[in-house]
Amino acid sequence: MNALIKNMMAREIFDSRGNPTIEVDCLLSDGTLGRASVPSGASTGENEAVELRDVDNKRLGGKGVLEAVKHVHNEIASAVIGCSPFDQTKIDNLLIQLDGTENKSRLGANAILGASMAICRAAALSQGIPLYRYIGGMDAEIPRPFFNVINGGKHADSGIDIQEFLITPVAATSFREGMERIVNVYHVLKNTLEKAGYATSLGDEGGFAPKLKSSKEALDFLMESIKQAGYQPGKDVAIAMDPAASEFYTDGHYHFEGKQLNSQQMIEYYEQLIHEYPIISIEDPLSEHDWDSWREMTHKLGNIVQLVGDDIFVTNPKIFTKGISEQIGNSILIKLNQIGTITESIQTIRLARKHGYSTMISHRSGETEDTFIADFAAGMAAGQIKTGSVARTERVAKYNQFLRIEEQLL
């Protein structure tokens, strides 16, 4: 516990979409090195903390992060060197105050989060305890995984408006058993799509990206594949969706599958799907600007399906507090880089628990091989996680980490 932060370093690396992102190293006085890399989203809420990019169009399409790297080397390093790494709240509050903006736009949420995560990991390593234990103590548990197996929206060029079609194991006795079910369905799904004449190229998150005719066709393929894999839909494997509705909402209407729908028609569409398919969770079914309709949908369907707020809440405790007071949704998605520090992410999770909302930890479409969110989800006993499909190493790395953690918890 006597180790202090000796140095902070950063570098520009590349994420799973081939875009630049930031990796941060924290070196402690006892020689411990903590390293963390920050993901990046494609489908983003307007109120997310600001990801600092260089906007130099002569280099990497204006997406470089050298300014964020510079902030870690200079201001952030100067502020935290000599500090104890073992008080995460104090460290994160220092970083927030150092930035001095409401949305972390000066130093960049990517620079701040990279430092927050690297310091946290260094502290755990210095103490010789697993990261999930350091984050959450003895209350750790493996979350229920949601696997994105068909990609649409901004995650693929499939032409499907709904961004993610996910499957999740039901009542599995272990994480390993649940993942094996999903792996079996995934491979059957591939064969089923191929036999139907569809391409099985992958989207950003490892799910298939076939050019289907409609979202219902995607759901039908999931139902067929679950059955062919030897499971019962709804009993062994259930379905979830992330429409990411803000992406197809314009001028007060939803431009969905070639039609212009109002909010009431979208709600009726989801209600029909829930009755036809074993859908247990819908994330961002409506736009982040459509609060009144969100409230209506919550009152109408909130008792029969999980309604997860992502773009509408952006892991921000202030915005989420407003959502709670207005009875928006019954669950919240937690993305560390939406808010920019570990402490604020934990604050939002605790706020959800206090008010009876479930939580789901999430990756981003532009991921790295860093498994931090797996330890974070287990340490916080968050209950649920989605981190892509069972393909692409940057996705599977998180699931494999759960297999390791599960061994330690048994």
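Shown above is the structure to which this text applies.
Residues numbered from 1 in each chain as written. Predicted model: local features only at pLDDT ≥ 70, side-chain atom pairs only at ≥ 80, totals over all residues. Heavy atoms only, no water.

Participant: So what exactly am I meant to see when it comes to the overall build of the chain here?
Facilitator: The helix and strand inventory of the chain stands at 13 helices and 14 strands. Scaling as 2.2 N^0.38, a compact globule of 410 residues should have a C-alpha radius of gyration of about 22 Å, and the chain matches this with 21 Å. Each of the three principal axes of the chain carries a C-alpha extent, and together these read 60 × 50 × 45 Å. Out of the 410 residues in the chain, the part that is buried amounts to 61%. Within the chain, residue pairs in contact and separated by at least 24 positions form 69% of the contacts whose partners lie at least 6 positions apart. (Helix = DSSP H or I, 4+ residues; strand = E, 2+ residues; numbered from the N terminus. Rg over C-alpha atoms; globule rule 2.2 N^0.38 Å. Buried < 20%, exposed > 50% of the residue type's maximum accessible area, 1.4 Å probe, protein only. Contact = heavy atoms within 4.5 Å.)

Participant: What's the story with the side chain of Asn-148 in this structure? I'm lost.
Facilitator: Looking at where Asn-148 falls in the secondary structure, it is placed in strand β4 (residues 144-151). In terms of polar contacts, Asn-148 uses its side chain to reach the side chain of Asn-151, at 2.9 Å. (Polar contact = N/O pair within 3.5 Å; in protein donor to acceptor, adjacent residues only side chain to side chain.)

Participant: What should I look at first to understand unusual backbone geometry in this one?
Facilitator: As a rule of thumb, non-glycine residues mostly have phi less than zero, and peptide bonds are mostly trans rather than cis. Positive phi values are uncommon outside glycine, yet Lys-104 reaches one of about 60°. Structurally, Lys-104 can be placed in the loop between α2 (88-99) and α3 (109-127). The phi dihedral of Gln-327 falls on the positive side, at around 55°, and the residue is not glycine. Turning to its location among the elements, Gln-327 is positioned in the loop between α9 (317-325) and β12 (331-334). Exposure remark for Gln-327: the relative accessible area of 46% places this residue in the partly exposed category.

Participant: Teacher, can you tell me more about helix α12 (residues 372-379) here?
Facilitator: Quick reminder: α-helices carry 3.6 residues per turn. Residues three or four places apart thus point the same way. Taking burial as the measure, the eight residues of α12 include eight buried ones, the bulk of the element. Looking only at α12, the buried set comprises Phe-372, Ile-373, Ala-374, Asp-375, Phe-376, Ala-377, Ala-378 and Gly-379. Just downstream of α12 lies Ala-381, where phi reads positive at about 45°.

Participant: Before we go on, may I ask you to explain the sheet that holds strand β3 (residues 33-37) in this structure?
Facilitator: Working definition: the strands of a sheet are paired by backbone hydrogen bonds and lie parallel or antiparallel to each other. Strand order across the open sheet formed by three strands is β1-β2-β3, with antiparallel pairing between neighbours. Lying at the two open borders of the sheet, with one neighbouring strand each, are β1 (5-14) and β3. Going across the sheet, the axis of each strand differs from the next one's by a mean of 15°, ignoring polarity. Across nine bridges, β1 lies against strand β2 (residues 20-28) in antiparallel orientation. Directly across from Arg-11, in β2, lies its bridge partner Glu-23. (Pairing = 2+ DSSP bridges. Axes fitted to C-alpha atoms, helices over the stretch in contact; angles between N-to-C directions.)

Participant: How should I be thinking about the nonpolar core in this particular structure?
Facilitator: Nonpolar side chains tend toward joint burial in soluble globular proteins. Ranked by size, the top nonpolar core spans 119 residues in total, and within it Met-8, Ile-22, Tyr-270 and Phe-376 carry the most contacts. Among the elements that take part in this core, α3 stands out by supplying eleven residues, more than any other. With residues up to four places along the chain from it excluded, the contact list for Phe-376 reads Ile-135, Ile-334, Leu-336, Ile-342, Ser-345, Ile-346, Ile-349 and Ile-361. Counting residues in each nonpolar core, the second largest holds six residues, with Ala-240, Val-308, Leu-333 and Met-360 among its members. (Core = buried A, V, L, I, M, F, W, Y, C linked by side-chain atoms within 4.5 Å.)

Participant: Before we go on, may I ask you to explain the sheet that holds β4 in this structure?
Facilitator: On the basis of which strands lie adjacent, the closed barrel formed by eight strands has the order β4-β5-β6-β10-β11-β12-β13-β14 and mixed pairing. Within this sheet the neighbouring strands show an average axis-to-axis angle of 30°, counted without direction. Summarising the sheet, strand β10 (residues 279-283) and strand β11 (residues 306-309) pair through three bridges and their orientation is parallel. Bridge assignment links Glu-283 to a residue of β11, and that residue is Val-308.

Participant: For this particular structure, what's the right way to read the pattern of salt bridges?
Facilitator: One side chain can pair with another of opposite charge once the charged atoms of both are near each other. Using the criterion set out here, one finds 27 salt bridges in the structure. Salt-bridge contacts for Glu-283 lead to Lys-386; the nearest nitrogen and oxygen are separated by 2.8 Å. Here Glu-283, found in strand β10, pairs with Lys-386, found in strand β14 (residues 384-386); they are 103 residues apart in sequence, far enough to count as distant. Salt bridges sharing partners connect three or more residues here, namely Arg-11, Glu-23, Asp-25 and Arg-35. (Salt bridge = Lys/Arg side-chain N within 4 Å of Asp/Glu carboxyl O.)

Participant: Would you mind showing me how to read the packing of α9 against helix α11 (residues 342-354) here?
Facilitator: Between two packed helices, both the angle of their axes relative to each other and the distance between the axes serve to describe the pair. Two numbers describe how α9 lies on α11: the axes approach to 10 Å, and their chain directions differ by 15°. For the element pair α9 / α11, the angle class is roughly parallel. α9 and α11 meet at a crossing whose hand is right-handed. Where α9 approaches α11, its residues Pro-317, Phe-320, Thr-321 and Ile-324 are matched on the opposing element by Gln-347, Thr-348, Leu-351 and Ala-352. Within the contact of α9 with α11, the residues separate by chemical class into five nonpolar, three polar and no charged. (Parallel < 35°, antiparallel > 145°, perpendicular 65-115°, else oblique. Left-handed = near helix turned anticlockwise from the far one by under 90°. Nonpolar A, V, L, I, M, F, W, Y, C, P; charged D, E, K, R; others polar.)

Participant: How should α3 be read in this particular structure?
Facilitator: Its 19 residues give α3 an end-to-end C-alpha distance of 27 Å, which sits within 8% of 27 Å, the value for a rise of 1.5 Å per residue. Burial within α3 is extensive, with 16 of its 19 residues counted as buried. The positive-phi residue at the C-terminal boundary of α3 is Gly-128, with phi of around 70°. (Expected span 1.5 Å × (residues − 1).)

Participant: I would appreciate a short explanation of the pairing of β11 in the present structure.
Facilitator: Two faces, one strand: in a regular strand the side chains alternate between the faces of the sheet. Taking every second residue as pointing to the same face, both faces of β11 are buried, with Gln-306 and Val-308 on one and Leu-307 and Gly-309 on the other. Of the crossover connections in this fold, the one passing from β10 over helix α8 (residues 291-301) to the parallel β11 is right-handed. Note: β11 against β12, two bridges, orientation parallel. Note that in β12 the partner of Val-308 across the bridge is Ser-331. Remark: the β11/α9/β12 crossover connection has right-handed handedness. (Right-handed = clockwise from strand over helix to strand, strands pointing away.)

Participant: Looking at this model, I keep getting lost on the packing of aromatic side chains. Mind explaining?
Facilitator: Each aromatic ring pair is summarised here by two numbers: the centre-to-centre distance and the angle between the ring planes. On inspection of all chains with the given rule, the structure shows twelve aromatic pairs. Taken together through their ring pairs, the aromatic side chains of Phe-248, Tyr-249, Tyr-254, Phe-256, Tyr-269 and Tyr-270 make up a single cluster. One residue, Lys-322, lies across the ring of Trp-291, its end atom 4.5 Å from the ring centre. (Phe/Tyr/Trp six-rings, centres within 6.5 Å; stacked < 30°, edge-to-face > 60°. Lys NZ or Arg CZ within 6 Å of the ring centre and 35° of its normal.)

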